[in-house]
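# Chains, contacts and geometry: an overview
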Amino acid sequence: MKRNPYRTQRIAFFFLLLATLLIVVPVGLIIVAIIQKGLPAITWEFLSDVPRRGMRSGGIFPAVVGTLYLVSGSILFALPIGVLAAIYLSEYAKQNMLTRIIKLAIVNLAGVPSVVYGLFGLALFVVFFKFGASILSGSLTLGIMILPIIITTSREALESVPYSFREVSLSLGASKWQTIRHIVLPNAIPGILTGTILGLGRAAGETAPILFTVAAFYLPRLPKSIFDQAMALPYHLYVISTQVPNVDEKIRYGTALVLLTMVLFMNLIAIIIRAKLRKRKKW
Amino acid sequence: MVKFDIQNLSIWFKEAQALKDVTMQVEAHEILSVIGPSNSGKTTFLRTLNRLNDLELSLRMQGFVYFEGKDIRTMDVELVRKKMGMVFALPLPLPLSIFDNVAYGVRMHGEHNKKKIIQAVQEALQQAYIWDEVKDRLSESAFKLSGGQQQRLCIARTLAVGPEVILFDEPCSGLDPISTAKVEETMLKLKEQYTIVLVTNNVKQAARVGDRTAFFLMGELIELEKTDKIFTSPAQARTNDYISGKFG
Amino acid sequence: MRKIKEFIFERLILFSGLASVFFVLLIFFFLLKEGLAVFKTVPIGDFLAGKNWYPISDPAQLGILPLILGSLMVTLGATIISVPIGTACAVYIAEVAPEKIKNFLKSGIELLAAIPSVVLGFIGMVTLVPWVKKIFHLPTGLTALSGSIMLAFMAMPTIVSIAEDALYSVPKSYKEGAFALGATHWQTIWRVLLPSASSGILAAVMLGIGRVIGETMAVMMITGNAARIPQSILQPVRTLTATIAAEMGEAVVGSEHYFALFAIGIVLFVFSFAINVTAELFLHKDKR
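Before going into details, it helps to say that this report is about the structure given with it. (Residues numbered from 1 in each chain as written. Chains lettered and ligands numbered in written order. Predicted model: local features only at pLDDT ≥ 70, side-chain atom pairs only at ≥ 80, totals over all residues. Heavy atoms only, no water.)

Let us now look at the side chain of Ser-148 of chain C. All names here are of chain C. With respect to the helices and strands, Ser-148 occurs in helix α6 (residues 144–168). Ser-148 gets classed as buried once you look at its relative accessible area, which sits at 0%. Other than its neighbours up to four places away in sequence, Ser-148 contacts Met-73, Val-74, Gly-77, Ala-78, Ile-81 and Ile-233. (Helix = DSSP H or I, 4+ residues; strand = E, 2+ residues; numbered from the N terminus. Buried < 20%, exposed > 50% of the residue type's maximum accessible area, 1.4 Å probe, protein only. Contact = heavy atoms within 4.5 Å.)

This is the structure in C-alpha cells:
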C-alpha cells in the first residue's frame, strides 16, 4: 500500500498539537485550581494577621513582608551591578577572550542550581561575613542569583538603541560616557525595567537560596532590621505543605495564590512594558 | 588660508584598502565637494576629518591630517569633533524634543546657563533657516518634523556647538528635490562663516554648490579642481567619464 | 573634573563587567573551601561510590551514590518524557500553529516558567502524587516517577523556547527549497528543518537537563526523599539537591555532615557547569 503523505502529515500534526496541549492545558488547570481553591481563604485577616496556632490559622502577613524585604534588597544589590555590567558588554567590550569569559560566566551563573546559591550564601554571607541568617544574607544571595537575568535583558535593551544615535552624539563632541548617560541609557530604560521586574519575580518565588540564609520557620512578628531573620512566602508555603501536619487545605491554597499572584503580577507588568515598548518605538 | 592639510593619507579596513595615498588641502570658507561612485572612499575620507573613524576597531591609518597646522591625532578627540561638525546621510534626530536636539551638544560641552542655552538654540535654528518653521513647537518630538526639516534641524544641532568646519555626508540622499534645494541654499549661506566639505553622490549637486570639487575613485584622489573647470574641461578622462555618466 | 568623573565611572563599569566572573569564581571557591574538608575523613572514592548515606548515625556513613543515582533516575525519566513532547511543542508553535494561537501558546509556556517551583511542588503533592499512587497501586505516590513527570513539566519552558529559536534560525531558503521539490509541510519539517536545527535542539535539551538536575523544591516535595539506591522508578528516591535542602538546616556549621553537603554542592556545580558550557558550544555552532 502506498503511503499517502498528506495523511501522514495530518497524523503528525495531530500529535504535535497533542504534545502542545499536554503542556499548556495543565498550566491553565493549575492556575484555575489555585485561584478556585485559594480565593475563599483570602480575607483581610489572612493578609494582615500573623500566623497563629502553629500556622494552622491566622494570616501570612510576616511572610509577605519578609518576601517584599528580600525582593527589594536583592534588586538594590543586583540592579546597579547588572546595568553597569550590561553597559560594559554592550558599549565597551571588544571581541576578545575576556569578553567570551564574561559571557560564559553569565551563562553559568544563570545555570547554577538554586540550592547551590543557598550553600554559597550560607558559606559566604552567613558564616564567613558573620551576617548570620538575616535579610541581608538572603538579599545578597538572591541578588547574585538574579544578576544574569538583569544583565541579559539590560544588554539587549542597550543594544537595541540604534548605533546611529551614538554616532550623532559623538560627532557633536560628546564623550563616550556622556553618550551612554544621556542617549543610550534613557532609551534603554523600558527594557531594563522589564529585566528588573522579571528578576523581582524570580527572587520572590525562589525558596532554595533562602532556606539557610534568612528564612525563619515561624516568626510571628515583623523583622526589626536587615540583620534579623524573616519569614518568606515561598518558604512558608513549603513549611505548611510538608512540615506542619493538619493545616487546612484552604490556607495552603490561599498562600499559594498570594505567592502566585505576586509573581505573575510582576511578570504581567514586564510583559505590558515590553508590548508598549514595541508599539511606541520611534526609530 | 588652509584649514585641512592632508598628507599621504591611506586607510585600511582589515585587509581592504579604502584610501590610497591621498594628499590635498581644504581652504577656509570654501565648499569643497567630494564626488565619486560608491566605495570610492569618500565617506571614509570625511569620517577621518572628525576622527569618527576611531570607532572602527579594524581600521588602520597611515599619513597625516593637519587641522590649522596641528595633527588631529594629537588633539583632544572631543575638541576635534566639536570643531568639525557633521551632518549625516539620513536625517538622524535624537529621540528628544526639537529644542533638546539642538541644546544637546551645547549642554554636553558644559553649558548649564539656561538663558545662554536658549540663545544658542535660537541662533543655531536661525542660521539653519528653520527657526520660523519650528519656533512654536520647540517642545515637540523632533520625529514629527518632515525629512527636510529634520535634516535642517540636524544642521542647526551641529551649528549650536560652534564648529569651524561642517562635514556633510551625502546630506540630501534621503530628501525630495524641494527639501534638497533648501538644504543647498542653507549650505551656500553657511560658507561665509564656515568651511564646508560636502560628500555627495549627486554630481549635479556638486556642480551647483561646490567651489572646488574632488573626484575620488577606488580610494584614490583622481582630480581636485575648481568646480567650473572640472565640469567643463576635466584633466582626466576618468573624471569626464564619471561626470558624464558613463559609469558610476 | 568631568574627565575624572568619567574615568571613575568607566572603572566601575569595567569592574561590574567582571563581577559575573568574580561571582562564579567566588561560588566555586567557597564550595571548595567548605566541601573539600570532608575528604580529610572520607576518601573521595568512598564518598562518590559509597552506597550508604547515614549522615547522623555514629560513625556517619557518607556515601552519595544513592543520591547520585536518585538524581540520575529522576533526570533520565524527566528527559525521556520532556524531549519528545517539548520538541513537538516547539515544532507546533514554530511551524504549524496559526498566528493567533501562537502568541497564546507562547504566553502559556512563559507563564509556566514564571510559576515558583514551590507552588508546582505543592500542586504536585496534592494532585500528581495521589494519582500515581492510585494508578500503580503503590503504598505511596511519592516516587521517582512523580518527580520525573513534574520535572519534565518544569523543563518545558526551557526546551520549548530554545528549540523554537533554533527552528526559526534555519534559513528560509532551506524550507522553500524543500517545498519547491514538492515535499509536504511535514516532510519538510521532518527531513529538513529538524536536522538543520539539530544542534540548537540538542542545546535546548541540555539546558533543560541542567534545569532538571538543579531543581530542588518541587523534587524534595514529591519524590519521597528515601536515601536508598533506587531499584525502580516507582520507589521513593532522594536527589542531590533535595539532600542539601532538607539536611543543611540541621547540620552543625563545621561538622562533617556540613562539609559533606558542600561536597554535594561541588558535584552539582560541576554538573551544571559542564552542561552549560556544552550547551553554549552547541548554540555557537548553530550560529556560525
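Next comes the rest of the write-up.
In this section: the pattern of salt bridges. Here the structure, examined in full by the defined rule, presents 26 salt bridges over all chains. Between Lys-3 of chain C and Glu-78 of chain B there is a salt bridge; the shortest N-O distance is 3.4 Å. In this pair, Lys-3 of chain C is assigned in helix α1 (residues 2–35) and Glu-78 of chain B in helix α2 (residues 77–83), connecting two distinct chains. Overall, the relative accessible area of 46% leaves Lys-3 of chain C in the partly exposed class. A relative accessible area of 14% means that Glu-78 of chain B is categorised as buried. Salt-bridge contacts for Glu-185 of chain B lead to Lys-189 of chain B; the nearest nitrogen and oxygen are separated by 3.4 Å. Of this pair, Glu-185 of chain B and Lys-189 of chain B both sit in helix α7 (residues 177–190), separated by 4 residues, roughly a single helical turn. Look at Lys-189 of chain B and you get partly exposed, because its relative accessible area is 36%. Because the salt bridges share partners, they merge into one network encompassing Lys-3, Glu-68, Lys-83 and Glu-164 of chain B. (Salt bridge = Lys/Arg side-chain N within 4 Å of Asp/Glu carboxyl O.)

This next bit is on the interface of chain A and chain C. Contact with chain A, which involves 76 residues of that partner, is made by 73 residues of chain C. For the pair chain A and chain C, the summed buried area comes to about 6,500 Å², and 83% of that belongs to carbon and sulfur atoms. Of all residues in chain A, the largest losses of buried area upon contact with chain C belong to Ile-23, Leu-119 and Trp-177 of chain A, amounting jointly to 10% of the total for that side. On the surface where chain A and chain C come into contact, there are 0 salt bridges. At the junction of chain A and chain C, the tally comes to 5 residue pairs in polar contact (both at pLDDT 80 or more). With 18 residues, the top contributor of residues to the side of chain A that touches chain C is helix α1 (residues 5–38) of chain A. (Buried area = accessible area lost by both parts, 1.4 Å probe. Polar contact = N/O pair within 3.5 Å; in protein donor to acceptor, adjacent residues only side chain to side chain.)

Here the focus is the interface of chain A and chain B. Contact residues are listed per partner, giving 20 residues for chain A and 22 residues for chain B. Each partner contributes to the roughly 1,900 Å² buried at the junction of chain A and chain B, and carbon and sulfur atoms together form 68% of this total. Where chain A meets chain B, there are 1 salt bridge. A salt bridge links Glu-167 of chain A to Arg-47 of chain B, with the nearest nitrogen and oxygen atoms 2.5 Å apart. For the interface between chain A and chain B, the tally reads 4 residue pairs in polar contact (both at pLDDT 80 or more). At the level of secondary structure, the elements contributing two or more residues to the side of chain A that touches chain B comprise α7 (163–171) and α8 (176–205) of chain A. No other element matches the 8 residues that α7 of chain A contributes to the side of chain A that touches chain B.

Looking now at the environment of Phe-47 of chain C. Residue and element names in this part refer to chain C. Locating Phe-47 in the fold gives a position in helix α2 (residues 44–49). Given a relative accessible area of 1%, Phe-47 falls into the buried group. Distance in space between the C-alpha atoms of Phe-47 and Phe-259 is 12 Å, their sequence separation being 212 residues. Apart from the residues within four sequence positions on either side, Phe-47 is in contact with Phe-39, Val-42, Leu-62, Gly-63, Ile-64, Leu-65, Ala-260, Ala-263 and Ile-264.

A few words on the packing of helix α4 (residues 114–127) of chain B against helix α6 (residues 147–160) of chain B. All names here are of chain B. Between α4 and α6, whose axes approach to 8 Å, the crossing angle comes to 130°. Taken as axis vectors, α4 and α6 run oblique relative to one another. In terms of crossing hand, the pair formed by α4 and α6 is right-handed. Listed contacts from α6 to Ala-124, Leu-125 and Gln-127 of α4 are Leu-153, Ala-156, Leu-159 and Ala-160. Of the residues in the contact of α4 with α6, the class split is 6 nonpolar, 1 polar and no charged. (Axes fitted to C-alpha atoms, helices over the stretch in contact; angles between N-to-C directions. Parallel < 35°, antiparallel > 145°, perpendicular 65-115°, else oblique. Left-handed = near helix turned anticlockwise from the far one by under 90°. Nonpolar A, V, L, I, M, F, W, Y, C, P; charged D, E, K, R; others polar.)

Residue and element names in this part refer to chain B. The strand order β6-β7-β8-β3-β9-β10 describes an open sheet built from 6 strands, whose pairing is mixed. The two strands at the open ends of the sheet, each matched to only one other strand, are β6 (84–87) and β10 (220–226). In this sheet, neighbouring strand axes are inclined to one another by 20° on average, regardless of whether the strands run parallel or antiparallel. Strand contacts of α6: β6 and β7 (165–169), with the helix running at about 170° to β6, the strand carrying the most contacts. Packing against the sheet, α7 makes contact with β3 (31–35), β7 and β8 (195–199), and its axis sits at approximately 150° to β8. (Pairing = 2+ DSSP bridges.)

Next up on the list: the pairing of strand β4 (residues 59–67) of chain B. Residue and element names in this part refer to chain B. As paired strands, strand β1 (residues 2–13) and β4 are joined by 8 bridges and run antiparallel to one another. Bridge pairing in β4 places Gln-7 opposite Phe-64. Between β4 and strand β5 (residues 70–71), which pair antiparallel one after the other, the connecting turn spans 2 residues, and Glu-68 there sits at a positive phi close to 45°.

With that settled, consider unusual backbone geometry. Its identity as a non-glycine residue notwithstanding, Arg-51 of chain B has a phi of 60°, on the positive side. Tracing the sequence through the fold places Arg-51 of chain B in the loop between α1 (42–49) and β4. The exposure class of Arg-51 of chain B is buried, given its relative accessible area of 14%. Positive phi, close to 50°, is recorded for His-137 of chain C, a residue that is not glycine.

On to the environment of Phe-212 of chain A, then. Residue placement: Phe-212 of chain A occurs in the loop between α9 (208–211) and α10 (233–243). Overall, the relative accessible area of 10% leaves Phe-212 of chain A in the buried class. On a C-alpha basis, the gap between Phe-212 of chain A and Ser-137 of chain A in space is 9.4 Å, while along the polypeptide they are 75 residues apart. Residues contacting Phe-212 of chain A, with those up to four places away along its chain left out, are Val-115, Gly-118, Leu-119, Leu-122, Val-126 and Ala-133 of chain A together with Ile-244, Ala-245, Met-248 and Gly-249 of chain C.

Let us look at the packing of aromatic side chains. Overall, the coordinates contain 26 aromatic pairs over all chains when judged by the stated rule. Between the aromatic rings of Phe-269 of chain C and Phe-273 of chain C, the centroid separation amounts to 6.3 Å while the plane-to-plane angle is 25°, which identifies the pairing as stacked. Here Phe-273 of chain C and Phe-269 of chain C lie together in helix α12 (residues 256–287), a separation of 4 residues that amounts to about one turn. Judged by its relative accessible area of 34%, Phe-273 of chain C falls in the partly exposed class. Site record: aromatic cluster; members linked through ring pairs are Phe-120, Phe-125, Phe-128, Phe-129, Phe-131 and Phe-227 of chain A together with Phe-29 and Phe-30 of chain C. Looking at Lys-176 of chain A, its charged tip hangs above the ring of Tyr-92 of chain A, at a distance of 4.5 Å from the centre. Cation over ring: Lys-189 of chain B sits above Tyr-129 of chain B, and NZ or CZ is 4.2 Å from the ring centre. (Phe/Tyr/Trp six-rings, centres within 6.5 Å; stacked < 30°, edge-to-face > 60°. Lys NZ or Arg CZ within 6 Å of the ring centre and 35° of its normal.)

Residues and elements named next belong to chain C. Taken together, the side chains of Met-1, Ile-4, Phe-7, Ile-8 and Leu-12 make up a nonpolar region of the molecular surface, amounting to roughly 570 Å² of accessible area. Topologically, Ile-4 is positioned in helix α1. Assessed through its relative accessible area of 51%, Ile-4 is described here as exposed. (Patch = residues over 30% accessible without salt bridge, like charges linked within 9 Å, V, L, I, M, F, W, Y side chains within 5 Å. Areas by Shrake-Rupley, 256 points an atom, 1.4 Å probe, with all protein chains shown as cover.)

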